[in-house]
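Geometric and topological summary
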Amino acid sequence: MTSQDFSQGSAPNSSQGVAQASAHLIEQLAQLVGFHQSYTDSFGNQVFAKDEARHTLLKAMGYDLSNDNVLEQQIKLLNEQTWRNMLPATHIAKCEVHENSVAISLKSAAIDNLTWEIITETGATLSGQIVLSSLAKIDEINLDSQNFAKYQLALPQLEQGYHQLSISYGEQTAQCHLIFAPQTCYSPQEASTEKMWGYAAQLYSLRSENNWGMGDFGDLLNLVEKSAEQGVSAIGLNPLHPLYPNNPAHRSPYSPTSRCFLNVMYIDVTNAPNFKECKAAQQRFNSADFQEKLTFAKTSELIDYPAVAEVKHQILALLFAEFHKSASQELLSEFNDFKAEQGEDLQNLTTFDALYEHYRELDENAYGWKMWPAAYQEPTSDEVKAFQTSHATRINYFAYLQWLAHRQLTAVAENAKTHGMPVGLYLDLAVGCDGSGVDVWCDKEVYVSGAAVGAPPDAMNTLGQDWGLTPINPVALKQQGYLPLVKALRSNMQYAGALRIDHILGLMRQYWVAPGMKADEGVYITFPLEDILRIIALESRREACVVIGEDLGTVPDGFGEIMAAAGLLSYKVLFFERWDSGLFMRPELYPAQSMVTVSTHDLPTLTGWWTGRDLEWRQELDLYPSVAMGQQERTERVEDRQLLTSALDDLNVMDMTKAPQQAPAKMNIELSVAVQKYLAQAPSHIQLIPLEDVLEVVEQVNIPGTIDQHPNWRQKLPVALEEFFQQDSVNAIASAMQQARPKN
């Protein structure tokens, strides 16, 4: 308002002026933190962030929005922090650059010399002293009558890794995480010069004569050995992160308690070191009561996780009780070494699991640390330490389970390499953690409790998605030297020749849903993508692990080029690789730096898509915003089937006289094989074939936005592993792939 405006009308309401000023300041704070004002959705519309959402999220991040003075102080602090902090929290140096430097900020003082010290990852110390006048001054400023100047401090060339840099200038001292990282990830071409193919399995879904109601690491070992005989180079898997041992009904592999360690439900109990020798375990195992429960778990149509957990833990508890009495010194040493190597992180997980169990025994609805007494909500409290002492045996039991899982998965990974698989296990890293789990309990500063990671509305999920995963604060992540990310990468890459990072877009910008708001009312926040990609590349190189970025959904312009420059493979799905006209893109146009597949766990199987089963589910679950949209999709699917068969015919990968019936739509082996032959012609270096597509399963693994309305994560494959490799469809696809992507 101008002075003329004031003179022509009544004086403005003072409370209104404060409210307007506050809104302006909150907007300024939101932008400094990294929240976006708007985004362009998958339909091309500009969507503006709601003030309520940003305000709520700022509060969840710990910012005080109570009055203007506090807001101005926080804004001032953010604006001035690069001046008032001598060093950034983390600095990433580029290994390919011969002369690296870091920007430092010094408050003026009558001192000539600056000293620095670097402690390398191996413990070596480098130090030096520099005359300040010899440094290049970048900029200077006066803040509150104090002069500050920024300089470039040259860094010595160090090995790839995680180091610590300290500087001193008079009484001013500071230190930061100094990370030397490569530009690109380990490439699939380094694993194999030939184009590769493999199977993608939901591990829990495997049937076998040996497992106890869900797929386990013993099944995975058999799958690896038999697949290797077919020329398979990789076995893709769902996330294997730990869930909640005391709450097996919590089953989504993408909602873990932590992204480190393993889901102990995958332990093959029969392959535990002392299973056959333990008399108590054998007596219980052979009892009529136990066999009845085991038969129930094995024969249930859908996976009954509580039933599987009951039979597994009954025997595992007996094996653990006997382990310390009769295990060889070699095994005891291996177990103790594992605990020592995993250190505090394992202690936190196992303590959490014991506390979770303890409080659910008192109240079965106590799902997670937020429902525990206040003293137990802090992992370092005296009460928690006392619990660790009083419940040491139970905590050690959970450590024993992690050790068993680790040694079994390690054996599978080694077996894959022994059998000549260039990649071996292809694991999956979830985008985040469940807010009630151990990672958030242990590191509240880095997580934004109450908020949730999700995705905006798109063609497949028109209402948006709230994944219920607690987001990481990007500022706090950098303050910690990206350690939570490093731990997650290492924990998974140690077993893997390839790692898929779910929702890789979240490393550039992440869609947050504020508490109490709808999934389509989320807000984007910026993440330090360049730094994160360097961290991924460093860990990828160390573990010789190919990295695939799941880049589906609303993709910002230029993101594909950024991924490619960092050496990550794009994630190409047949259903999405289409022109605006609806025509399927010819496979030779797919990028070589990609992994290609027909579908994903969140999309229909090929059979489900062909027969329109996914559309039936969407109609039944009322996932269409309008009746017209449902009818439109059903009409389009009729056209899509014709477009797919035309594409297959165009590349001469299917005998059209054997093409499947379209009205009503029915699936056949010819279509299954033809689609895989079609994708095999892509230059994409890795091709994965979901077991559901190999077996022509109609139901999809998971329908986003549902929990119990659809049997998500509970479906068993229709064929046991012992019979899998005798199936006509399996052999037909394997034969086609051996010709299209031979392994020399």
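Quick summary incoming for the structure in this document. (Residues numbered from 1 in each chain as written. Predicted model: local features only at pLDDT ≥ 70, side-chain atom pairs only at ≥ 80, totals over all residues. Heavy atoms only, no water.)

Some points on the layout of surface pockets
- In this structure, the second largest pocket encloses a volume near 780 Å³.
- Gln81, Thr82, Pro88, Ala89 and Lys478 are, among the 29 residues lining the second largest pocket, the residues nearest its centre.
- Only α2 (14–33), α4 (68–84), β3 (90–94), β4 (101–107), β10 (172–181) and α14 (474–479) provide two or more residues apiece to the lining of the second largest pocket.
- Looking at the lining of the second largest pocket residue by residue, the classes come out as 16 nonpolar, ten polar and three charged. (1 Å grid on protein atoms, 1.4 Å probe; cavity = no way out; pocket = protein on both sides within 12 Å on 5 of 7 lines; lining within 4 Å. Points joined across faces, edges and corners; volume = space filled by probe spheres on them. Helix = DSSP H or I, 4+ residues; strand = E, 2+ residues; numbered from the N terminus. Nonpolar A, V, L, I, M, F, W, Y, C, P; charged D, E, K, R; others polar.)

Some thoughts on a nonpolar patch on the surface
- A cluster of nonpolar residues, Trp579, Leu583 and Leu589, forms a patch on the protein surface that exposes about 320 Å² of accessible area.
- Locating Leu583 in the fold gives a position in the loop between β21 (569–573) and β22 (594–597). (Patch = residues over 30% accessible without salt bridge, like charges linked within 9 Å, V, L, I, M, F, W, Y side chains within 5 Å. Areas by Shrake-Rupley, 256 points an atom, 1.4 Å probe, with all protein chains shown as cover. Salt bridge = Lys/Arg side-chain N within 4 Å of Asp/Glu carboxyl O.)

Regarding the side chain of Asp531
- Here Asp531 lies in helix α16 (residues 529–543).
- Classification of Asp531 as buried rests on a relative accessible area of 16%.
- Those residues in contact with Asp531 that lie beyond four places of it in its chain are Ile92, Lys478 and Tyr482. (Buried < 20%, exposed > 50% of the residue type's maximum accessible area, 1.4 Å probe, protein only. Contact = heavy atoms within 4.5 Å.)

Overview of the packing of helix α9 (residues 305–326) against helix α12 (residues 392–418)
- Running from amino to carboxyl end, α9 crosses α12 at an angle of 105°, the nearest separation of the two axes being 10 Å. Relative to α12, the element α9 is oriented roughly perpendicular. Across the interface between the two elements, His313, Leu316, Ala317, Leu319, Phe320, Phe323 and His324 of α9 pack against Thr393, Asn396, Tyr397, Tyr400, Leu401, Trp403 and Leu404 of α12.
- Residue composition of the contact of α9 with α12, by class: ten nonpolar, four polar and no charged. (Axes fitted to C-alpha atoms, helices over the stretch in contact; angles between N-to-C directions. Parallel < 35°, antiparallel > 145°, perpendicular 65-115°, else oblique.)

Notes on the sheet that holds β4
- With antiparallel pairing, the three strands of this open sheet are ordered in space as β4-β8-β7. Strands at the two margins of the open sheet, each flanked by one partner only, are β4 and β7 (136–143). This sheet shows a mean twist of 20° between the axes of neighbouring strands, independent of strand direction.
- Sheet topology places β7 next to strand β8 (residues 146–154); seven bridges connect them, and they run antiparallel. Across the sheet, Ile141 pairs through a bridge with Phe148, a residue of β8. (Pairing = 2+ DSSP bridges.)

Overview of empty space enclosed by the protein
- Applying the stated rule across the entire model yields five cavities of 30 Å³ or more.
- The volume enclosed by the largest cavity comes to roughly 310 Å³.
- Along the walls of the largest cavity sit 25 residues, with Ala200, Gln202, Tyr571, Thr600 and His601 positioned nearest its centre.
- Its residues assigned to classes, the lining of the largest cavity shows twelve nonpolar, nine polar and four charged.
- Leu243, Tyr244, Asn263, Val264 and Met265 are, among the 27 residues lining the second largest cavity, the residues nearest its centre.
- For the lining of the second largest cavity, the leading source of residues is α12, giving three residues.
- For the lining of the second largest cavity, the per-class residue count stands at 17 nonpolar, eight polar and two charged.

Some remarks on the packing of helix α20 (residues 627–650) against helix α21 (residues 669–680)
- Packing of α20 against α21 brings their axes to within 10 Å, and their N-to-C directions diverge by 65°. Handedness of the crossing formed by α20 with α21: left-handed. In this structure, α20 contributes Leu644, Ala647 and Leu648 to the contact, and α21 contributes Leu671, Ala674, Val675 and Tyr678. (Left-handed = near helix turned anticlockwise from the far one by under 90°.)

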